[in-house]
Amino acid sequence: MERYQYLRTLVSQLLEESPLTSEEVIVDVRHLMSVGEEELAFDTMCSWIYEDSLPIASAYYERLVSAAQELGTPKSIDRLDELIED
């Protein structure tokens, strides 16, 4: 699988499993992915998780950390560890 498709799949899976409930935000993230902006889509998703103080599981957080490394956007996950609830 080419890297572009891999990153799109990675962000899509994280979005599907995210605690986001705002359809507007989900549509925005999907739109960013559709135009090849996976890094921005990931950053947007993480920003809204933090902004809305949505609880996340530690396993999901670890996947976000891994994705941030893959995407080269380590700042995207800043402070998300504060939202971990298991």
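As a starting point, this report considers the structure included with it. Note that the structure is a prediction, hence the values are computed from the model and not measured.

The next subject is the pattern of salt bridges. Per the counting criterion, the structure on display carries five salt bridges. Between E38 and R8 there is a salt bridge, with its nearest N and O atoms 3.5 Å apart. Note that E38 is positioned in helix α3 (residues 38-51) and R8 in helix α1 (residues 3-16), a separation of 30 residues in sequence. We classify E38 as buried; its relative accessible area is 2%. The salt bridge partner of R30 is E16, with a shortest N-O separation of 2.6 Å. Taken together, the positions of R30 in helix α2 (residues 23-34) and E16 in helix α1 put the pair 14 residues apart, joining distant regions of the chain. On the basis of relative accessibility, which here comes to 38%, the residue R30 falls in the partly exposed class. With relative accessibility at 55%, the residue E16 sits in the exposed group.

Attention shifts here to the nonpolar core. Ranked by internal contacts, the top residues of the largest apolar core, which has 28 residues, are F42, M45, I49, L64, I77 and L80. Going through the elements one at a time, α1, α2, α3 and α4 (58-71) are the ones with two or more residues in this core. No other element matches α4, which puts seven residues into this core.

To continue, consider the environment of S66. Topologically, S66 is positioned in helix α4. Note: C-alpha distance between S66 and R8 (58 residues apart in sequence) is 14 Å.

Each value, and the rule that gives it
Residues numbered from 1 in each chain as written. Predicted model: local features only at pLDDT ≥ 70, side-chain atom pairs only at ≥ 80, totals over all residues. Heavy atoms only, no water. Salt bridge = Lys/Arg side-chain N within 4 Å of Asp/Glu carboxyl O. Helix = DSSP H or I, 4+ residues; strand = E, 2+ residues; numbered from the N terminus. Buried < 20%, exposed > 50% of the residue type's maximum accessible area, 1.4 Å probe, protein only. Core = buried A, V, L, I, M, F, W, Y, C linked by side-chain atoms within 4.5 Å.

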